[in-house]
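Examination of the molecular architecture
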Amino acid sequence: MNLSDPRSGFDPGSRFNDASTGSIWAFEWPNPPPFPSQQRTNSPPPSGDTDQLTPTLAALQDMEGDVSEVGKGRNRICGLVAATFTPMTHDNEINLPVIGQYIDYLVMVQGVRSIFVNGTTGEGMSLNTEERKLIAEEWINQGKGKLDHVIIHVGCLSIKESQQLAEHAAKCKASGIAVISPFFFKPQSTDALVEYLKEVASAAPDIPFYYYHLPEITGVSLNVVELLDGIEKKIPTFQGLKFTSSDLLDFGQCINKYKDKFDLLYGKDELLLPALTLGATGAVGSTYNYIGNLYKRMLTDVERRDYNLAKEQQVLVCLKTRL
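Presented here is an overview of the structure given in this document. Keep in mind that this is a model prediction, so the values were computed, not measured.

The subject of this paragraph is the overall build of the protein. Within the protein, the secondary structure is distributed over 12 helices and eight strands. When each of the 323 residues of the protein is scored for burial, the buried share is 54%. If you take every contact in the protein between residues at least 6 apart in sequence, the share linking residues at least 24 apart comes to 72%. Carbon and sulfur atoms make up 49% of the accessible area of the protein, which totals about 14300 Å².

In a beta sheet, neighbouring strands are held together by backbone hydrogen bonds and run either parallel or antiparallel to one another. An order of β1-β2-β3-β4-β5-β6-β7-β8 is seen for the eight strands of this closed barrel, with the pairing classed as parallel. Each strand of the sheet is rotated relative to its neighbour by a mean of 25°, with strand direction disregarded. The pairing of strand β1 (residues 79–83) with strand β2 (residues 114–117) spans two bridges and is classified as parallel. The partner of alanine 83 across the bridge, within β2, is phenylalanine 116. Across the sheet, helix α9 (residues 248–258) lies against β6 (238–243) and β7 (263–266), angled at about 155° from β7, the strand it touches most.

Let us look at the nonpolar core. Nonpolar side chains tend toward joint burial in soluble globular proteins. Ranked by internal contacts, the top residues of the largest apolar core, which has 75 residues, are Trp139, Ile152, Val154, Leu197, Phe209 and Leu228. At eight residues, helix α11 (residues 288–303) tops the list of elements feeding residues into this core. The contacts of tryptophan 139, once residues within four sequence positions are left out, are Thr84, Phe85, Ile99, Tyr102, Ile103, Leu106, Ile115, Val117, Leu147 and Val150. Counting 12 residues, the second-largest nonpolar core is a separate cluster that includes Phe116, Ile151, Tyr210 and Val284.

Throughout the structure, instances matching the rule amount to 10 aromatic pairs. Taking the centre distance of 5.1 Å and the plane angle of 90° together, the rings of phenylalanine 238 and phenylalanine 262 count as edge-to-face. Placement of the pair is phenylalanine 238 in strand β6 and phenylalanine 262 in the loop between α9 and β7, with a sequence separation of 24 residues. Like phenylalanine 238, the residue phenylalanine 262 is buried in the burial classification. Note that lysine 242 overlies the ring of phenylalanine 116, its terminal NZ or CZ placed 4.6 Å from the centroid.

The element strand β4 (residues 176–180) is largely enclosed, with a buried count of five among its five residues. Where burial is concerned, the two faces of β4 agree: the one with Gly176, Ala178 and Ile180 and the one with Ile177 and Val179 are both buried. Where strand β3 (residues 149–153) lies against β4, three bridges are found, and the strand directions are parallel. In the strand pairing of β4, isoleucine 151 is matched with glycine 176. The β-α-β motif built from β3, the intervening helix α4 (residues 159–171) and the parallel element β4 has right-handed crossover chirality. As paired elements, β4 and strand β5 (residues 209–213) share four bridges and run parallel to each other. Its bridge partner lying in β5, alanine 178 is registered against tyrosine 210.

Let's shift gears to unusual backbone geometry. The residue asparagine 118 is not glycine, and still its phi comes out positive at about 65°. Inspection of the secondary structure puts asparagine 118 in the loop between β2 and α3 (129–143). One non-glycine residue, lysine 173, lies in the positive phi region at around 65°. Position of lysine 173 relative to the elements: it lies in the loop between α4 and β4. The class for lysine 173 is exposed, based on a relative accessible area of 68%.

The next thing to look at is the side chain of asparagine 289. You can see asparagine 289 is positioned in helix α11. You can call asparagine 289 buried: its relative accessible area is 0%. Within the local environment of asparagine 289, its side chain forms a polar contact with the backbone oxygen of alanine 83, the two atoms lying 2.8 Å apart.

Conventions we followed
Residues numbered from 1 in each chain as written. Predicted model: local features only at pLDDT ≥ 70, side-chain atom pairs only at ≥ 80, totals over all residues. Heavy atoms only, no water. Helix = DSSP H or I, 4+ residues; strand = E, 2+ residues; numbered from the N terminus. Buried < 20%, exposed > 50% of the residue type's maximum accessible area, 1.4 Å probe, protein only. Contact = heavy atoms within 4.5 Å. Areas by Shrake-Rupley, 256 points an atom, 1.4 Å probe, with all protein chains shown as cover. Pairing = 2+ DSSP bridges. Axes fitted to C-alpha atoms, helices over the stretch in contact; angles between N-to-C directions. Core = buried A, V, L, I, M, F, W, Y, C linked by side-chain atoms within 4.5 Å. Phe/Tyr/Trp six-rings, centres within 6.5 Å; stacked < 30°, edge-to-face > 60°. Lys NZ or Arg CZ within 6 Å of the ring centre and 35° of its normal. Right-handed = clockwise from strand over helix to strand, strands pointing away. Polar contact = N/O pair within 3.5 Å; in protein donor to acceptor, adjacent residues only side chain to side chain.

Structure below.
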């Protein structure tokens, strides 16, 4: 099976999939091909003048290794972040031994060096606390020296469990933690949501904290730009958000006010191009696991201000996800 080809039927499995379908995680992960033959070279624009780049890509270029006002001494996140799948065996158990090879595949085939663990793609809400801890530990340990950022999603319906996962992620030296909004007893105001986020963040006071905005699943459709107003005063470690919504008006307002202050990561892969034109500072998505190299070409096209080619690339990646 050639996992670098999306037509291969890349299927990381699911706790809710019929094991008889044969998830790839139950078999030996193939060795990734040599890195140089797989990664497209991102050469600078012909002029070599970053002033001619779009604001989005110029910012991505400038922010690499930069230090934000909130969370001093920590690198900003930019570019692509793969929302990782949770590998499962045919026996419905987490399959930790393949994670090392999974990381090699992301880095060497897709050119993606940052990950978002135990989120929606990773089915974190369907795993128990111990499984989530083991998965987080494995990604962090196996990613040392290979990955730039390992963000662990720690959100639960229980604040105490979220705090336990946050504290555990910090002890394991995660790059940061992310939390989704409660979605059973939903916060009815931005103040209520911020108070919930504050309680979780307090369990890991020394690492960056991100809000995971996913209104189509949580039903919590509060304006994020209002949530960001003054949030660093209540959550000193707040460093940004994963915005997974098609409400580009709200996202654009966030960018307009806070692009230079927070990491504003967009979470809908199929709308990445319009998000980039608005000024997204990065992106978190599931398809970056297996066609991240194609998205990186789109980033290069936008950097070169070749929007026609970028549009073609966006259509191409959308079509490939439907294969």
